[in-house]
Amino acid sequence: TRSTRPQRMLKAVQKNATKGNPQSVISAIDYFCKNSEWAMNVGDEKGSILDSVVTEVNPSTVLELGTYCGYSTVRIARLLSPGTKLITLEFNPAYATVARQIIAYAGLQDKVTLVEGSSADLIPQIKERFGITTFDFIFLDHWKDRYLPDIKLFEECGLLRKGSVLLADNVICPGAPEYLEYVRNSPRYESRYYPAHLEYTKAEDGLEKSVFLG
Ligand SMILES: O=C(NCCCCc1cc2ccncc2s1)c1cc(-c2ccc(F)cc2)cc(O)c1O
Ligand SMILES: [Mg+2]
């Protein structure tokens, strides 16, 4: 049967990137998406903003919601200090299978724990399953209508501490209006919008960075 877009993306990585070289994996995916097929990776423009926030936070505990093919997982993991691992959550098993191979091709498998499941099920289990008390950095890139319920779940489960940084993709396109309204109006968050464009297009999009104030 016909291959899937993630499988074709993986082939492009195996053909054009250098094993163990995360930057070459990032470049190969961006090249594929600009020249062959659009795909919903955070992309190079928003990816550079993601890089700068991760570098600034220099987190010891990291959670990513929405792995897809592992592009942003590779972007984040390549910047983490030695010994730091990130947990990434993917709902779609086919995406997870491709992501594991792309993350391994980049040589970052020892810095990544990929979990299959839904955020609603997993978030309440995190403390117990992974021995995490709070997250220093969370990247939200999953179902846009789950951003708000999941940030409330983080609060309820005590997974945020004073200074925890949440970075949300796609707050304009496809959009997460209720999430934006919440983090921008809640006294418990200091929020800032980073304007950019929808990956590989000229459409408006951006990232919202929200710091939990405790
Ligand atoms: O849906 C998007 N991303 C989420 C995929 C959903 C995968 C999930 C992961 C997970 C983990 C845990 N619990 C539940 C879930 S659900 C997404 C979509 C577009 C887009 C933009 C314009 C378009 F015309 C068409 C698509 C752009 C983006 O950057 C995206 O991130
Ligand atoms: Mg996204």
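Note: the structure precedes this text.
Residue positions are given per chain, counted from 1 along the sequence in the order it is written. Note on labels: chains are lettered from A, ligands numbered from 1, in written order. With pLDDT at 70 or above as the cut-off, local features in this predicted model cover only qualifying residues; side-chain atom pairs require 80 or more to be listed or tallied, and sums for whole chains, interfaces and linings still use all residues. Water and hydrogen atoms play no part in the side-chain values, which are based on all heavy atoms of the structure.

Moving on, we come to the overall build of the protein chain. Tallying secondary structure elements over the protein chain gives 10 helices and 7 strands in all. Rg of the C-alpha trace for the protein chain: 16 Å, near the compact-globule value of 17 Å for 214 residues, within the 12% margin. Along the longest, intermediate and shortest principal axes, the C-alpha atoms of the protein chain span 50 × 40 × 35 Å. For every residue, the accessible area obtained with a 1.4 Å probe (protein chains only) is divided by the maximum for its type, and the residue is called buried under 20%, exposed over 50%, and partly exposed between those limits. Classification of the 214 residues of the protein chain by burial places 55% in the buried group. Considering only contacts in the protein chain between residues 6 or more positions apart, those separated by 24 or more positions represent 73%. When the accessible surface of the protein chain is totalled, it reaches about 9,600 Å², and 52% of it is carbon and sulfur. Where helices and strands are cited, they refer to DSSP runs of H or I of at least four residues and of E of at least two residues respectively, numbered from the N terminus. Atoms counted for the radius of gyration: C-alpha only. Globule rule: 2.2 Å times the number of residues to the power 0.38. We call two residues in contact whenever any of their non-hydrogen atoms come within 4.5 Å of each other. The Shrake-Rupley method, run with a 1.4 Å probe, gives the accessible areas here. Residue values count only the displayed protein chains as cover.

The protein atoms that coordinate the magnesium ion (ligand 2) are Asp141 (OD), Asp169 (OD) and Asn170 (OD1), at distances of 2.0 to 2.2 Å. Donor selection uses N, O and S atoms within 2.8 Å of the metal (3.2 Å for Na, K and Ca). Since no water is included, sites may look incomplete. Here the donor residues of the magnesium ion (ligand 2) share one chain and are spaced in sequence as D-x27-D-N.

What follows covers the nonpolar core. What tends to happen in soluble globular proteins is that the nonpolar side chains get buried as a cluster. In this description, a nonpolar core means a group of buried Ala, Val, Leu, Ile, Met, Phe, Trp, Tyr and Cys residues linked to one another through side-chain atoms lying within 4.5 Å. Core analysis: the biggest nonpolar cluster contains 43 residues, and Ile76, Ile102 and Phe137 have the highest contact counts within it. The contact partners of Ile102, leaving out residues within four places of it in the chain, are Leu10, Val13, Val25, Ile29, Cys69 and Val74. Ile87, Ile123, Ile132 and Leu180 belong to the second largest nonpolar core, which has 29 residues in total.

What follows is about the site of ligand 1. Near ligand 1 lie 19 residues; those nearest to it are Ser119, Asp141, Lys144, Asn170 and Glu199. Between N or O atoms, a polar contact is any pair within 3.5 Å; within protein, one atom must be a potential hydrogen donor and the other a potential acceptor, and residues adjacent in sequence are included only when both atoms are from side chains. Between ligand 1 and Ser119, the relevant distance is 2.9 Å, taken from a nitrogen atom to a main-chain nitrogen or oxygen of the residue. Between an oxygen atom of ligand 1 and a side-chain N or O atom of Asp169, the distance comes to 3.2 Å. Coverage of ligand 1 by the protein chains reaches 80% of its 680 Å² of free accessible surface. For the shell around ligand 1, the elements supplying multiple residues, two or more each, are strand E2 (86–90) and helix H9 (171–175). Polar here means any residue other than Ala, Val, Leu, Ile, Met, Phe, Trp, Tyr, Cys and Pro, which are nonpolar, and Asp, Glu, Lys and Arg, which are charged; Gly is therefore polar. Among the residues forming the shell around ligand 1, the class breakdown is 8 nonpolar, 6 polar and 5 charged. Residues are classed as near a molecule or strand on a simple rule: at least one heavy atom within 4 Å of it.

So, on to helix H3 (residues 43–57). By this rule, a helix spans an expected 1.5 Å times one less than how many residues it contains. Here H3 is 15 residues long and its end C-alpha atoms lie 20 Å apart, about the 21 Å a rise of 1.5 Å per residue gives. For H3, the set of buried residues is Gly43, Lys46, Gly47, Ile49, Leu50, Asp51, Val53 and Val54. Looking at the buried side of H3, the elements it contacts are helix H2 (22–35), helix H4 (71–77), strand E4 (137–140), strand E5 (165–168), strand E6 (189–197) and strand E7 (204–212).

Our next topic: the packing of aromatic side chains. Aromatic pairs are defined between Phe, Tyr and Trp rings, using the six-membered ring for Trp, whenever the two ring centres lie within 6.5 Å; interplanar angles under 30 degrees are classed as stacked, those over 60 as edge-to-face, and all others as tilted. In total, this model carries 5 aromatic pairs according to the counting rule given. With a centroid separation of 5.5 Å and an interplanar angle of 85 degrees, the aromatic rings of Tyr147 and Tyr179 are classed as edge-to-face. Separated by 32 residues along the polypeptide, Tyr147 in helix H8 (residues 147–156) and Tyr179 in helix H10 (residues 177–185) bring together distant segments of the chain. Owing to a relative accessible area of 1%, Tyr179 belongs among the buried residues under this scheme. Measuring from ring centre to ring centre gives 5.3 Å for Tyr189 and Phe212, while their planes differ by 55 degrees; the resulting arrangement is tilted. Here the residue Tyr189 occupies a position in strand E6, and Phe212 occupies one in strand E7, the gap between them amounting to 23 residues. Here the two residues Tyr189 and Phe212 agree in accessibility, since each one is buried. Here the aromatic cluster, defined as three or more aromatic residues joined through ring pairs, consists of Tyr182, Tyr189 and Phe212.

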